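Architecture at a glance
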Amino acid sequence: MVRFAADITKESIVDVEAVVRKVDPPVKSCSQQDVEMHVERLFVISQAEPRLPLQLDDAVRPEGEDGDENRKPGVTQDTRLDNRVIDLRTTTSQAIFRLQSGVCKLFREILDNKGFVEIQTPKLTPAASEGGAHSFPVSYFNTTAYLAQSPQFYKQMGICGDFDKVFCVGPVFRAENSNTHRHLTEFVGLDIEMAFNYHYHEVIDSIYDTMVQIFKGLRANFQSEIQTVNKQFPSKPFEFWEVPLKLNYTDALVMLRQAGVEIEDEEDLSTPNEKLLGRLVKDLYSTDFFVLDKYPRAVRPFYTMPDPKYHKYSNSFDMFMRGEEILSGSQRIHDAQLLTRSAEHHKIDLEKIKSYIDSFRYGTHPHGGGGIGLERVCMLYLGLHNVRQTSMFPRDPKRLTP
């Protein structure tokens, strides 16, 4: 039997009939330290090929310090993704995606407890909800459809239909030729929309509380997974306030300018500036999670409600984790005439969004919401360096397989 077992290739599937016995002293090199199996019969159910495209020991090797002469080579990201089914077998990948599953479960449970209704929205749409430049056109019989850039229009139409609080979980498609550590052409959107009574900050507070409850749930229930990931990719624990830290966009500009950044009043934040702002906020407030409110109208979508006092700004916000945006949200325009004028200003074909605009002609609650990127949340919570690590089969401008 020993010779038979020695010839079994790595990663083969086996059935073992054995007697489990306690051991003393514990076997410290194993995950089960106080018992061992005494094998009586062994069967090979599915034999792996002798040569694996990557070795699991290499794939879980911790990141070493730069210049470490004793550092063994690991596995490149492309090799991992080209052979994803093997890479998914590592303890690190198993931990990442079990935690990601936990994020989705918590998201649903928390919003259900808040009285939200989960809805399903179309992924084939007649118009690009976030603007046509970053949408995927699809041949649709004798016309053109688009892969949904977000469930934005349909979340709002749900509010128009008297569902006061809705959310959805589903794929989002962005035709952005961005080959960065945080961009994907397809990702999972966790989207929220809700009516409010007095002020759109009710929306911010509700979303912020949802995220805080998710963070608490991960901290309480996924310590084993967090520690497993940290063994390979060390990072500091994620810190957050239980009450929202809200900074105005103008406050952020002041902080960045004091740090030496040249930036215009109505200019959007670049990735380096977001990261710098995150470091400044962490140093000043000791939190990795904060809200940036009152973005310039010029950098927000056409459906964003303008600020009633300062018309260059808007009732819109982003949320950040470790200095990177994970949510974009706003109060929405709920007046059909104002929405029409805004769409015209953005040179959007009104005929393609007619049903959306018409939804607001019959009485609609003031409302707002936001869209969260699942993969980014997991990446940043765990302190990872690339969103492809938290996408099981990532899609980007250079990857369409496996």
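Rules and cut-offs
- Residues numbered from 1 in each chain as written.
- Predicted model: local features only at pLDDT ≥ 70, side-chain atom pairs only at ≥ 80, totals over all residues.
- Heavy atoms only, no water.
- Helix = DSSP H or I, 4+ residues; strand = E, 2+ residues; numbered from the N terminus.
- Buried < 20%, exposed > 50% of the residue type's maximum accessible area, 1.4 Å probe, protein only.
- Contact = heavy atoms within 4.5 Å.
- Areas by Shrake-Rupley, 256 points an atom, 1.4 Å probe, with all protein chains shown as cover.
- Lys, Arg positive; Asp, Glu negative; His and termini not counted.
- Charge placed at Lys NZ, Arg CZ, Asp CG, Glu CD.
- Pairing = 2+ DSSP bridges.
- Axes fitted to C-alpha atoms, helices over the stretch in contact; angles between N-to-C directions.

Here we take up the overall build of the protein chain. When helices and strands are tallied, the protein chain shows 13 helices and 13 strands. Taken over 402 residues, the protein chain has a buried fraction of 46%. For the protein chain, the proportion of contacts with a sequence separation of at least 24, taken over those separated by at least 6, is 69%. For the protein chain, the exposed area adds up to about 21500 Å²; of that, 50% sits on carbon and sulfur atoms. When the 48 positive and 57 negative side-chain charges of the protein chain are each reduced to one mean point, those points stand 1 Å apart.

It is worth spelling out unusual backbone geometry at this point. P25 follows D24 through a cis peptide bond whose omega is 10°. Looking at the secondary structure, you find P25 in the loop between β1 (13–22) and β2 (35–46). In this model, T401 is joined to P402 through a cis peptide bond whose omega is -5°. Note that P402 resides in the segment after α13 (374–382). Positive phi, normally seen in glycine, also occurs at D162, with a value near 75°.

Glancing now at the sheet that holds strand β8 (residues 186–195). Pairing within the open sheet is mixed, and its eight strands lie in the order β3-β7-β8-β13-β12-β11-β10-β9. Because the sheet does not close on itself, it has two edges, and the strands there are β3 (117–118) and β9 (246–248). Pairing of β8 with strand β13 (residues 367–373), which is carried by seven bridges, proceeds in the antiparallel orientation. Counted as the bridge partner of M194 is G368 from β13. In the packing of helix α10 (residues 271–285) onto the sheet, contacts are made with β9, β10 (289–293), β11 (316–321) and β12 (324–331), and the angle to β10 comes to roughly 120°.

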